[in-house]
Amino acid sequence: MSADRPDTHDMLVVHRVFRRESRVLAGLVPAVAAGDVVRAGILAAHYRDHALGLHHHLSAEDDLVWPKLLARVDMEADLVIRMEHQHERVREGLDRIGAAMPEWEREADPAVRDHLAGLLADHRAALVEHLDDEERHVLALIEEHLSAAEWAAAVARWIGPVRGASRA
Ligand SMILES: [Fe+2]
């Protein structure tokens, strides 16, 4: 790959993390015993890290990738619009999980846990569909239509806050 083209391997790396975290959360939350607020608190904190990292990643794409692609691609505009709709769906799922999580943390009620487990399974399905689509169809567009500097700015937007959080 030439130096002035984006190296989209960064995208694959962060997607791998999101796939793993969404799988782990969907697997661990249903196994928490009724009333185990300590375990619920640990997993809720884990979920919030996942949601925050994902939020930064989606926002970076919304602000710094999709508008540039939409301005530069013609044939594939439908694809970029599909990415935006998938982001909306993922965000709606995160909002629903975020709304239910505090109640579960308080009492580790099994009915709330089961509700959350369903939401986390839905989240994983929506997320994986989006990440797969993006990797299959959009990375090539990014490599073709964004400069290396534009891509680096997008990557810095999602990596910077995560690095800052891990130093805190
Ligand atoms: Fe992505």
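Above: the structure in question.
Let us look at the structure shown here. All figures in this text were calculated on a predicted structure; none of them were measured in a lab. (Residues numbered from 1 in each chain as written. Predicted model: local features only at pLDDT ≥ 70, side-chain atom pairs only at ≥ 80, totals over all residues. Heavy atoms only, no water.)

### Focus on the packing of helix 4 (residues 77-107) against helix 5 (residues 110-145)
The test is simple: In this description, a line fitted to the C-alpha atoms serves as the axis of each element, helices being fitted only across the stretch in contact, and the angle between N-to-C directions of two axes falls anywhere from 0 to 180 degrees. Working definition: helices are DSSP H or I runs of at least four residues, strands are E runs of at least two. Numbering for both runs from the N terminus. Each angle is binned into one of four classes, with values under 35 degrees roughly parallel, values over 145 roughly antiparallel, values of 65 to 115 roughly perpendicular, and all other values oblique. Here a crossing is taken to be left-handed if its near helix is turned anticlockwise relative to the far helix by less than a right angle, and right-handed if that turn runs clockwise. Here the term charged refers only to Asp, Glu, Lys and Arg, the term nonpolar to Ala, Val, Leu, Ile, Met, Phe, Trp, Tyr, Cys and Pro, and the term polar to all other amino acids, Gly among them.
One way to put it is that helix 4 packs onto helix 5 with a least axis distance of 9 Å and a crossing angle of 160°. One element, helix 4, and the other, helix 5, form an angle in the roughly antiparallel class. Between helix 4 and helix 5 lies a crossing of left-handed hand. When the residues that make up the contact of helix 4 with helix 5 are grouped by side-chain class, the tally is 16 nonpolar, 6 polar and 8 charged.

### Structural notes on the coordination of the iron ion
Any two of four tetrahedral donors ideally make an angle of 109.5 degrees at the metal, while pairs among six octahedral donors ideally make 90 or 180 degrees. This is how it is decided: Note on donors: an N, O or S atom is included if it sits within 2.8 Å of the metal, or within 3.2 Å for Na, K and Ca, and water is never included, so sites can look incomplete. Accessibility here uses a 1.4 Å probe with only protein chains present; expressed as a share of the type maximum, an area under 20% marks a residue as buried, one over 50% as exposed, and anything in between as partly exposed.
Listed as protein donors to the iron ion are M11 (SD), H15 (NE2), H57 (NE2), E61 (OE) and E134 (OE); their distances from the metal cover 2.0 to 2.7 Å. Each donor residue of the iron ion lies on the same chain, and together they follow the pattern M-x3-H-x41-H-x3-E-x72-E. Separated by 4 residues within a single helix, H57 and E61 lie in helix 2 (residues 37-64), roughly one turn from each other. As far as the burial class goes, H57 and E61 line up, both buried.

### Observations regarding the packing of aromatic side chains
Stated formally: Working definition: rings of Phe, Tyr and Trp (its six-membered ring) pair if their centres are within 6.5 Å, and the pair is stacked with planes under 30 degrees apart, edge-to-face with planes over 60 apart, and tilted otherwise.
Under the criterion given, the structure shown has 1 aromatic pair. For the pair W151 and W158, a centre-to-centre distance of 5.7 Å together with 75° between the ring planes defines the contact as edge-to-face. A relative accessible area of 2% means that W151 is categorised as buried. For W158, a relative accessible area of 3% corresponds to the buried category.

### Regarding the nonpolar core
For the record, the criterion: Working definition of a nonpolar core: buried Ala, Val, Leu, Ile, Met, Phe, Trp, Tyr and Cys residues. They are joined through side-chain atoms within 4.5 Å. Residues are treated as being in contact if the distance between any of their heavy atoms lies within 4.5 Å.
Ranked by size, the top nonpolar core spans 45 residues in total, and within it Y47, V65, L69, W104, I142 and W151 carry the most contacts. Listed by contribution, the elements that provide at least two residues to this core are helix 1 (9-28), helix 2, helix 3 (66-72), helix 4, helix 5 and helix 6 (148-167). Excluding residues that lie within four positions of it along the chain, L69 makes contacts with V80, V138, L141, I142, H145 and L146.

### Quick word on the environment of D4
Looking at where D4 falls in the secondary structure, it is placed in the segment before helix 1. We classify D4 as partly exposed; its relative accessible area is 47%. Spatially, the C-alpha atoms of D4 and L146 are 9.4 Å apart, while their sequence positions differ by 142 residues. Apart from the residues lying within four places of it in its own chain, the contact partners of D4 are S147 and A148.

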